[in-house]
Amino acid sequence: MSGPAAASALVEARGVVKRFGGLTAVHRLDLALREGEILGLIGPNGAGKTTLFNLLSGQFAPDSGKILLEGREIHHLPSHRICRLGLARTFQVPRPFLAMTVFESVLVGAQFGRRVPGKPAAETADRCVGLTRLESRRNAPVHSLNLAERKRLDLARALATRPRVLLVDEVAAGLNPTEVRETVGILREVHASGIGIIYVEHVMEAVMDISHRVHVLDHGATIAIGTPAEVTRDPAVIEAYLGRSAGS
Amino acid sequence: MSSFTRRHLLLGVGALAGLALVAPLLLANPYSSRLAQLLFMNVLLASAWNLVGGFAGQISFGNASLFGVGAYATSMLWLAGVHPFLTMPVAALLAALYGVAWGWPCLRLRGPYFAIATIGVAEATRIVANHIEAAGGASGLTLPLEQDLGPVLLYALGAVLAVAAVLVSAAVRRSRLGLGLIALREDAQAAAASGVNVARQQVTVFAVTAALTGLAGAYYAVFTLYVVPEKVFGFDLSISLVLMVLVGGIGTVMGPVLGAGIYLFLEQFVLASLADIHLAAFGALLIFIILMEPRGAAPRLAQLVGLVRRRIG
C-alpha cells in the first residue's frame, strides 16, 4: 500500500517482518485500515493475526518494516505511548484486572489513555460501561464476571482510552448466538462513533457481517484482500481454509 | 477521584489526638516508651513497604538498604552539628535518590526476579557500608547521648511520622497513581495497553517508599542513638517488613498498621523466649499465613467490624 491510498490510511503496516527464532510469524506484510472502515482480518490458526496485533499495539517491535498511525511512525514506541496516540486493543483471552470492580477497570483506560481536554475520566468510563451493556455490573468485582462480560469489559477498557483505532481480537469466540449478535451491535455503535476497527475473528457470521473489507492472512502473508463476498469466493482463501481439492 | 479527602485529614487528626491521649500510659516507663517508638517505626516501615509491595505487587527484600541510608544520613549530619529534625528531610531525600538509583533498573524485573535482585542490592549495600571508615565502618556510629530528644518529643515525632505514612498510603490508594499500580500488579501488559506507563509508575511509587523508609531509619537513629551496618542494613530488617505486611494484610491501607502491631507483640512477648530460633519461628509463621490466610488479618477484622456494626445497628 503506497501512494494516494496511504495518505488516508488510519493505520498502515509497510513491509512488516516478525520472526520468532527460525519461525517467521509475519512476512513482509502490507496492511491498511482506511478512515471510517471496519477491516476484517481472518486466516487459519497460526496465520499471524494476533502477532500482527501485538506488533501494531507495541507489545513487539517488528524486525523490519514500518507501522504508521495517522501517518506517524509508531513501530519503535512502547505500548502505553501507542495507546495514548489513539490505538487501543482487546485481547483474545480477556485480561481483566481481577482485584478491581468493573468501573475501576474501565477508569484505568479513561485515566491513562488518550487525553481529550474537557472530558472527565469518570464520565468517559461510565459512558463506556454503558456502551458495552455493563451498567448492571458497574460496581461488581471483575472476578465475578462471566466470559461474555469479561470480553465486553476488555472492550470497555479499550474504548475508555478514547482511541481513533480499535483492534478487536476474537470478541465473539466462545459466545452463544445471542451474545454474538449483541457484541456485533456494540461494534457497529463503536464504528458509528467514528472509530476505525481492525477485527480479527474466527466466527465468520460476525466478521463477514460487519466488515467493509476483509484482509486474509496465511503463514504471515497476505493471500487476499476484498469485500466479504469477494474473499469468500477467492480460491486461495478456500484452499487456505479447506485445503486443495483432490481433483485439481 | 479526589486523592486526599477531608475525611482522611479528620481521621489523621483523630488518630493523633488518640495517640496523645494514651501517651501518659505509654510514656510510663522507659520500656513502654521504647515499645511505642518501635511501633511507630514499624507502622512507618510497613506502610512504606506496602506501597510498592502491596499496591504494585513488587516484593522487596531490600528495604534495609533505604533504612540504613536514612539512619546514616541523620547520624552523620547530627554528629556534624545539624539539629536532628533538620537532618530528616535530607535523610528522606537521600534514601529516595538511592531507591530510584537501584529501583529504576530492578523494577524492570517482576515477581521473584525483582525479589532476588533486591536481596543482592541490600546485601551489597551492607557490605560496602561495613567498609566506609568515614561512617565508622563495621563498628558504626554512636550519637551524642547528652543531646537525646527525650521520650515525649520522640513519642510525638514517631506518632506524626506513623500517621503521616498511613495518610500517604491512603492517598496513594485513591489516586490515579494507585489505580495504575493495581492495574499493573494485576496484568502489566494489559495495563500498558491501556496507557499505563508501567516503568514510570513503579519508580514513582518506589521513590515514595524509599523516602518514608529513609525517614524510619532517621527516626531509628534518633531514638537508639547508635547505628551499625549489621543492624540498619541487616537482612533481618528487610524480612521483618515482609512479615508485618503479610500478617496484617497486603495491598490494604490498614493491613500494614495491624501487622506492625502484631509483629511487635510477637517479637516482644512470644519470641523473646525463643531468641535463638526466632527467625525459624517467623518462617513457620509466614508459611502458616500464606497457607491459611493469604490476605492477612485486615480483611477478617473488617468482616468482624461489619458483623458487630450490624448487631448494634
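The structure presented is a predicted model; accordingly, all values stated were derived computationally and were not measured.

Helix and strand counts for chain B come out as 14 helices and two strands. Relative to its length of 313 residues, chain B is compact, with a C-alpha radius of gyration of 19 Å against a globular reference of 20 Å. Taking the principal axes of the C-alpha coordinates as reference, chain B spans close to 50 × 50 × 40 Å. Sorting the 313 residues of chain B into buried and exposed places 48% on the buried side. When contacts within chain B are restricted to residue pairs at least 6 apart in sequence, those whose partners lie at least 24 apart make up 79%.

In this section: the overall build of chain A. Helices and strands together make up the secondary structure of chain A, namely 10 helices and 10 strands. For 248 residues, the compact-globule estimate of 2.2 N^0.38 gives 18 Å, and chain A sits close to it at 18 Å. Counting only C-alpha atoms and orienting by the principal axes, one finds that chain A spans roughly 60 × 40 × 35 Å. Excluding contacts between residues fewer than 6 apart, the proportion of contacts in chain A whose partners are at least 24 apart in sequence is 67%.

Residue and element names in this part refer to chain A. Overall, antiparallel pairing links the four strands, which are arranged 2-1-4-5 in an open sheet. With one partner strand each, in any of the chains shown, strand 2 (23-34) and strand 5 (72-73) form the two edges of the open sheet. Direction of pairing for strand 1 (residues 9-20) relative to strand 4 (residues 64-69): antiparallel, over a ladder of five bridges. Looking at strand 4, one finds that valine 17 is bridged to serine 64.

What follows is about the interface of chain A and chain B. Listed per partner, the contact involves 23 residues of chain A and 16 residues of chain B. The set of elements that each furnish at least two residues to the side of chain A that touches chain B consists of helix 3 (79-85) and helix 4 (102-112) of chain A. It is helix 4 of chain A that provides the largest number of residues to the side of chain A that touches chain B, a total of six residues. Residue composition of the side of chain A that touches chain B, grouped by class: 10 nonpolar, eight polar and five charged.

To continue, consider the sheet that holds strand 3 (residues 38-42) of chain A. Within a sheet, adjacent strands bond to each other through the backbone by hydrogen bonds, running parallel or antiparallel. Residues and elements named next belong to chain A. Across the sheet, six strands lie side by side as 6-7-8-3-9-10; this open sheet has mixed pairing. Only two strands of the sheet have a single partner each, and these edge strands are strand 6 (87-89) and strand 10 (221-226). When the angles between neighbouring strand axes are averaged without regard to direction, this sheet yields 20 degrees. Bridge analysis of strand 3 against strand 8 (residues 196-200) gives four bridges, and the strand direction is parallel. Along strand 8, the bridge assignment pairs glycine 40 with tyrosine 199. Contacts from helix 10 (residues 235-242) reach strand 9 (213-218) and strand 10, with the element oriented near 130 degrees to strand 10.

Below, the discussion takes up helix 5 (residues 121-131) of chain A. Residues and elements named next belong to chain A. All of the buried residues along helix 5 are Ala121, Thr124, Ala125, Cys128 and Val129. Seen end-on, helix 5 carries its buried residues on one side only, within an arc spanning 135 degrees. Away from its buried face by more than 90 degrees, helix 5 exposes Glu123 and Gly130. In the segment just after helix 5, arginine 133 is the residue with positive phi, at about 60 degrees.

Residues and elements named next belong to chain A. On the secondary structure map, aspartate 126 appears in helix 5. Assessed through the 18 C-beta atoms surrounding it within 10 Å, aspartate 126 is described here as partly exposed. Counting along the chain gives 78 residues from aspartate 126 to methionine 204, while the straight-line C-alpha distance between them is 31 Å.

Right, let's get into the confidence of the model for chain B. Any segment with low pLDDT has predicted coordinates that should not be analysed in fine detail. With 98% of its residues at a pLDDT of at least 70, chain B reaches an overall mean of 91. What the predictor reports for the complex is a pTM of 0.90 with an ipTM of 0.91.

Residues and elements named next belong to chain A. Across the interface, helix 4 lies against helix 6 (residues 147-160) with an axial gap of 6 Å and an inter-helix angle of 35 degrees. In this structure, the crossing between helix 4 and helix 6 has a hand that is right-handed. Along the contact surface, helix 4 presents Val102, Ser105, Val106, Val108, Gly109 and Ala110, while helix 6 presents Leu153, Ala156, Arg157, Ala158 and Ala160.

Time to look at helix 2 (residues 49-56) of chain A. All names here are of chain A. The buried count for helix 2 comes to seven of eight residues, which makes it a mostly enclosed element. Listed as buried for helix 2 are Lys49, Thr51, Leu52, Phe53, Asn54, Leu55 and Leu56. Downstream of helix 2 by a residue or two, glycine 58 has a phi angle that is positive, lying close to 90 degrees.

Next up on the list: the nonpolar core. With 172 residues, the main nonpolar core has Val106(A), Val43(B), Leu44(B), Ala95(B), Val205(B), Leu215(B) and Ala216(B) as its most contacted residues. Sort the elements by how many residues they give to this core and helix 9 (residues 198-224) of chain B lands first, with 16 residues. Beyond its immediate stretch of four places on either side in the chain, Val43(B) contacts Ala162(B), Ala165(B), Val166(B), Pro256(B), Val257(B) and Ala260(B).

A word on unusual backbone geometry. Phi at His219(A) is positive, roughly 50 degrees, even though this residue is not glycine. Looking at the element boundaries, His219(A) is found in the loop between strand 9 and strand 10. On the neighbour-count criterion, His219(A) (15 C-beta atoms within 10 Å) is partly exposed. You will see that Leu225(B), though not glycine, has its phi angle at about 60 degrees, which is positive. As for its placement among the helices and strands, Leu225(B) is situated in the loop between helix 9 and strand 2 (226-227).

Attention shifts here to the environment of Glu133(B). Residues and elements named next belong to chain B. As for its position among the elements, glutamate 133 is in the loop between helix 5 (112-129) and strand 1 (141-142). On the basis of neighbour count, glutamate 133 is assigned to the exposed category, with 7 C-beta atoms found within 10 Å. Placed 70 residues apart in sequence, glutamate 133 and asparagine 63 show a C-alpha to C-alpha distance of 23 Å.

Residues and elements named next belong to chain B. Following both chains from N to C, one finds helix 11 (residues 235-248) and helix 12 (residues 255-270) inclined at 115 degrees, their axes separated by 7 Å at the closest point. By the criterion of interaxial angle, the relationship of helix 11 to helix 12 is roughly perpendicular. The handedness of the crossing between helix 11 and helix 12 comes out as right-handed. Residue-level inspection shows Ser240, Leu243, Met244, Val245, Val247 and Gly248 of helix 11 in contact with helix 12, the latter providing Gly255, Pro256, Val257, Leu258, Gly259, Ala260, Ile262 and Tyr263.

Here is what the cut-offs are and how they apply
- Residues numbered from 1 in each chain as written.
- Chains lettered and ligands numbered in written order.
- Predicted model: local features only at pLDDT ≥ 70, side-chain atom pairs only at ≥ 80, totals over all residues.
- Helix = DSSP H or I, 4+ residues; strand = E, 2+ residues; numbered from the N terminus.
- Rg over C-alpha atoms; globule rule 2.2 N^0.38 Å.
- Buried ≥ 20, exposed ≤ 12 C-beta atoms within 10 Å, placed from the backbone.
- Contact = placed C-beta atoms within 7 Å.
- Pairing = 2+ DSSP bridges.
- Nonpolar A, V, L, I, M, F, W, Y, C, P; charged D, E, K, R; others polar.
- Axes fitted to C-alpha atoms, helices over the stretch in contact; angles between N-to-C directions.
- Arc of directions from axis to C-beta.
- pLDDT = per-residue confidence, 0-100.
- Left-handed = near helix turned anticlockwise from the far one by under 90°.
- Core = buried A, V, L, I, M, F, W, Y, C linked by C-beta atoms within 7 Å.
- Parallel < 35°, antiparallel > 145°, perpendicular 65-115°, else oblique.

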